[in-house]
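So you can see what is in the structure, the chains are spelled out below.
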Amino acid sequence: MNRLHIIILGACNSGKSSLVNMLTDQSTSLVADTPGTTTDPVRRNMELPEAGPCVFIDTAGFDDDTELGRQRISLTLKALDEADIALLLVGENMGEEAHWQEILKQRGIPYAEIANKADLNRTVPDNAISISSIRDRAKNRTILIEAILRILPSDFGTRSITGGMAKEGDTVVLVMPQDDSAPKGRLILPQVQTIRELLDLKAIPVCTVPEKLQDTLSILNSAPSLIITDSQAFANVYPLVPDGTMLTSFSALMAAHKGDIRFFAESAQTISKLTESSHVLIAEACTHAPQSEDIGRAKIPALLRKRIGQGLRIDHVSGRDFPDNLTGYDLVIHCGGCMFNRQYLLSRVARAKAQGVPMTNYGITIAHLTGALSKVTLPEN
């Protein structure tokens, strides 16, 4: 699910943390009169009426001019990479706030100006929404939610995972390996999200494992409209795809849903140009302990080195660790990004494009290496 990420920005003691606590109706962030109480960005998940699932990101005060304060501000700038919208707390005089207005405008992040602590009878700048996170909390919470809805991008939350490849009544076969790298007792997030969308579309999802795909196809009255496979099973799946049936992968669906699928497909052609002196970065959103059959740390490196040579240099990063400077790499291979929101993954794509570094993803990489890419239907961005 692509949660709405809302970042809270403001000077020290401007009321950011108390605002987050009011919105979440919990003591999510530590509140104190001491400047610098909030250090690293604090994230809190919750549901908002009409906006749906959200992540609030409380940040450090941006007017802390100490060395530690400057480090905290750098973390706030990184957090902006994942922000869909912003609430900018403003004071009586627009000082640092004006600088952050420009940053938000340059990044194309919609924002609302909020003047907190209205109970102190302060002068409110033009265009700012006056609220108090201490008094009349229910009323002021409603005011804030209405402000959030006003700046919410009109197309937010409307993106389809299957990209129009499935419709009501279609039979869709989902091929999901259950090997050592699969989580015990549950399905991975892209599989769950795709099944849910197919049910919402009133399509007919049929789930199977690669070794039972042929049996599954044989009991269907007609060929399925679409087969969606785990990218690791491409080599076994695509020879069995019936004529007229589209084939894609969960990774490709996630790449289009959250990233730039066309750029990923174009960048995959770089793989054919790599040599043993090339340098590749593999980035995954998850921070799980690597498994013996891990796709990013074991399977893709093995496929690449089998094709290119054992001398190929491969670095790995996970979670929010991602280099600012990518120019030392010949190719970046990213996971599907199911743990990231679209804005955050696109910020990484933009960084790669700006530095002239090709970037693709797990599924597209495996499809290219197994010769299946030409047979895969790519959803629209």
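None of the values given here were measured: they were computed from a predicted structure.

Colleague: Just checking my understanding: could you explain the overall build of the chain for this structure?
Modeller: Of the regular secondary structure elements, the chain holds twelve helices and 14 strands. Its C-alpha radius of gyration of 23 Å places the chain within 12% of the 21 Å reference for a compact globule of 381 residues. Principal-axis analysis of the C-alpha atoms gives the chain an extent of 75 × 50 × 35 Å. Looking at the chain residue by residue over its 381 residues, the buried ones come to 54%. Here the contacts in the chain between residues at least 6 apart in sequence split such that 72% fall between residues at least 24 apart. Here the chain has roughly 17,500 Å² of accessible surface; of this, 48% comes from carbon and sulfur atoms. The centroid of the 38 positive side-chain charges in the chain is displaced by 2 Å from the centroid of its 44 negative side-chain charges.

Colleague: Which parts of the structure should I look at to understand unusual backbone geometry?
Modeller: Residues other than glycine predominantly adopt negative phi, and peptide bonds predominantly adopt the trans conformation. Positive phi, normally seen in glycine, also occurs at D136, with a value near 45°. Tracing the backbone shows D136 in the loop between β6 (129-130) and α4 (137-151). What makes D136 exposed here is its relative accessible area of 56%. Non-glycine residue K202 carries a positive phi angle of around 65°.

Colleague: Explain the pattern of salt bridges to me, please; I cannot follow it from the model alone.
Modeller: Once the charged atoms of two side chains with opposite charge are near each other, the side chains can pair. Counted under the stated rule, the structure contains 13 salt bridges. R43 is the salt-bridge partner of E82, the closest N and O atoms lying 2.7 Å from each other. With E82 in the loop between α2 (67-79) and β4 (85-89) and R43 in strand β2 (residues 42-48), this pair connects stretches of sequence that are 39 residues apart. By relative accessible area, which is 2% here, E82 ends up buried. Exposure remark for R43: the relative accessible area of 31% places this residue in the partly exposed category. Each of the salt bridges in this network shares a partner with another, and the network as a whole consists of K78, D81, R107, D324 and R351.

Colleague: I keep staring at the pairing of strand β1 (residues 4-9) and nothing clicks. Help me out?
Modeller: Where a strand is regular, its side chains alternate between the two sheet faces. Among the six residues in β1, six count as buried, and that is most of the element. Neither face of β1 is exposed, since L4, I6 and I8 on one face and H5, I7 and L9 on the opposite face are all buried. Relative to β4, β1 runs parallel, the two being bridged by four bridges. Along β4, the bridge assignment pairs L9 with L88.

Colleague: What should I look at first to understand the sheet that holds strand β10 (residues 246-249) in this one?
Modeller: Strands pair in a sheet through their backbones, by hydrogen bonds, and they do so in one of two ways: parallel or antiparallel. One open sheet holds the four strands; their spatial order is β8-β7-β9-β10, and the pairing between them is parallel. Both outer strands of the open sheet, β8 (204-208) and β10, are each paired with one neighbouring strand and no more. Direction aside, the axes of adjacent strands within the sheet are offset by 20° on average. Examined bridge by bridge, strand β7 (residues 171-175) and β8 share five bridges and lie parallel to one another. Residue pairing across strands places T171 opposite I204, the latter belonging to β8. Against the sheet, helix α5 (residues 189-200) engages β7, β8 and β9 (226-229), with an angle of about 170° to β7. Each of β7, β9 and β10 is contacted by helix α8 (residues 250-258), which is oriented at about 75° to β10, the strand it contacts most.

Colleague: Which parts of the structure should I look at to understand the packing of α8 against helix α11 (residues 342-354)?
Modeller: The angle between the axes and the distance between the axes are what describe a pair of packed helices. Two numbers describe how α8 lies on α11: the axes approach to 9 Å, and their chain directions differ by 90°. By the angle between their axes, α8 is roughly perpendicular relative to α11. In this structure, α8 uses A256, H257 and K258 to contact α11, whose residues at the interface are R342, L345 and L346. Counted by class, the contact of α8 with α11 contains three nonpolar, one polar and two charged residues.

Colleague: What's the story with the sheet that holds strand β12 (residues 313-318) in this structure? I'm lost.
Modeller: Taken in spatial order, the four strands line up as β12-β11-β13-β14 in an open sheet, and their pairing is parallel. Two strands lie at the open edges of the sheet, namely β12 and β14 (359-361), each paired on one side alone. On average, each strand axis in the sheet is inclined to that of its neighbour by 25°, with strand direction left out of account. The pairing of strand β13 (residues 331-334) with β14 spans three bridges and is classified as parallel. Each bridged residue has a counterpart across the sheet, and for V332 the counterpart in β14 is M359. Here α11 sits on the sheet in contact with β11 (279-284), β13 and β14, set at roughly 145° to β14.

Reading guide: rules and limits
- Residues numbered from 1 in each chain as written.
- Predicted model: local features only at pLDDT ≥ 70, side-chain atom pairs only at ≥ 80, totals over all residues.
- Heavy atoms only, no water.
- Helix = DSSP H or I, 4+ residues; strand = E, 2+ residues; numbered from the N terminus.
- Rg over C-alpha atoms; globule rule 2.2 N^0.38 Å.
- Buried < 20%, exposed > 50% of the residue type's maximum accessible area, 1.4 Å probe, protein only.
- Contact = heavy atoms within 4.5 Å.
- Areas by Shrake-Rupley, 256 points an atom, 1.4 Å probe, with all protein chains shown as cover.
- Lys, Arg positive; Asp, Glu negative; His and termini not counted.
- Charge placed at Lys NZ, Arg CZ, Asp CG, Glu CD.
- Salt bridge = Lys/Arg side-chain N within 4 Å of Asp/Glu carboxyl O.
- Pairing = 2+ DSSP bridges.
- Axes fitted to C-alpha atoms, helices over the stretch in contact; angles between N-to-C directions.
- Parallel < 35°, antiparallel > 145°, perpendicular 65-115°, else oblique.
- Nonpolar A, V, L, I, M, F, W, Y, C, P; charged D, E, K, R; others polar.

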